[in-house]
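The lines below spell out each chain.
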Amino acid sequence: MAKSKANPTHKKTQDHSEYVEVWEDFVSIKDLVISFIICSIMTLGAYLLAPNDPPKPLFFGLSGALIGFIICSVIIKPKRNLIETEEGK
């Protein structure tokens, strides 16, 4: 069974003030702001570039959000350490 250390205080090089708790998980404030900016720019940019036909701005905006999410998941790496232990020990 794998256990995860969600608490970032186990890193001696990182300061606890760099993290904020979001949905019972600790998130780096810097990474959160970067991902918010990237996703917002991609979504709004795709929405504004869409033709003015009624369903197309919605689909372009959703596509921009998906592309922004993919970019963020490639750029921002997880900081969680997994410690695997055998069950029963």
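Numbering of residues begins from 1 in every chain and follows the order in which that chain's sequence is written. At least 70 in pLDDT is required for a residue's local features to be given in this predicted model, at least 80 for side-chain atom pairs to be given and counted, and no such filter applies to totals for whole chains, interfaces and linings, which use all residues. Side-chain figures throughout are based on the complete set of non-hydrogen atoms in the structure, without hydrogens or water.

## Overview of helix α2 (residues 56-75)
Here is step 1 of the chain: Taking 1.5 Å per residue as the helical rise, α2 with its 20 residues ought to reach 28 Å, and the 28 Å between its terminal C-alpha atoms agrees with that figure.
Here is step 2 of the chain: Of the positions making up α2, those classed as buried are P57, G61, G64, G68 and C72. Taken around the axis of α2, the buried residues stretch over an arc of 70°, which confines them to a single face. Facing away from the buried side of α2 by over 90 degrees, the exposed positions are F59, L62, L66, F69 and V74. Helix numbering and strand numbering both begin at the N terminus, where a helix is a DSSP run of H or I of at least 4 residues and a strand a DSSP run of E of at least 2. Every helix has an expected span of 1.5 Å times one less than the residues it contains. Exposure classes here rest on a 1.4 Å probe applied to the protein chains alone. A residue is buried below 20% of its type maximum, exposed above 50%, and partly exposed in between. Arc definition: it is the arc formed by the directions from the helix axis to the C-beta atoms.

## A word on a nonpolar patch on the surface
Here is step 1 of the chain: Grouping into patches uses exposed residues only, defined as over 30% relative accessible area, and leaves out salt-bridged ones; the cut-off is 9 Å for like charges and 5 Å for nonpolar side chains (Val, Leu, Ile, Met, Phe, Trp, Tyr). Shrake-Rupley sampling with a 1.4 Å probe provides the accessible areas, and residues are treated as covered by the protein chains on show and by no other component. For this analysis, a salt bridge means a side-chain nitrogen from Lys or Arg found within 4 Å of a carboxyl oxygen belonging to Asp or Glu. A grouping of V20, V22, W23, I29, L32, V33, F36, I37 and I41 is seen on the molecular surface, where their side chains present a nonpolar patch of about 920 Å² in accessible area.
Here is step 2 of the chain: Of all elements in the fold, only β2 (19-22) and α1 (29-49) reach the threshold of two or more residues within the nonpolar patch.
Here is step 3 of the chain: For the nonpolar patch, the leading source of residues is α1, giving six residues.
Here is step 4 of the chain: One can find I29 in helix α1.

## With respect to the environment of I70
Here is step 1 of the chain: Along the chain, the position of I70 falls in helix α2.
Here is step 2 of the chain: In sequence terms I70 and C39 are 31 residues apart; their C-alpha atoms lie 9.3 Å from each other.

## Focus on α1
Here is step 1 of the chain: Its 21 residues place the ends of α1 30 Å apart at the C-alpha level, agreeing with the 30 Å of an ideal helix rising 1.5 Å per residue.
Here is step 2 of the chain: Residues D31, S35, I38 and A46 constitute the buried set of α1. Down the axis, α1 shows its buried residues gathered within 65° of arc, on one side only. Seen from the open side of α1, the exposed residues pointing more than 90 degrees away from its buried face are K30, F36, I41 and L48.
Here is step 3 of the chain: Should any heavy atoms of two residues lie within 4.5 Å, those residues are counted as being in contact. Those residues of α1 that are buried lie in contact with β3 (25-28) and α2.

## Describing the state of the cysteines
Two cysteines, two sulfur atoms, one covalent bond between them: this is a disulfide.
Here is step 1 of the chain: Here, two cysteine sulfur atoms that lie within 2.5 Å of each other are counted as a disulfide. Going through the model one piece at a time under the given rule, you end up with zero disulfides.
Here is step 2 of the chain: Among the cysteines around C39, which has no disulfide bond, C72 carries the closest sulfur, lying 3.9 Å off.
Here is step 3 of the chain: Judged by its relative accessible area of 22%, C39 is partly exposed.
Here is step 4 of the chain: A residue is classified by how much of its surface remains accessible, and C72, at 7% relative accessible area, is buried.

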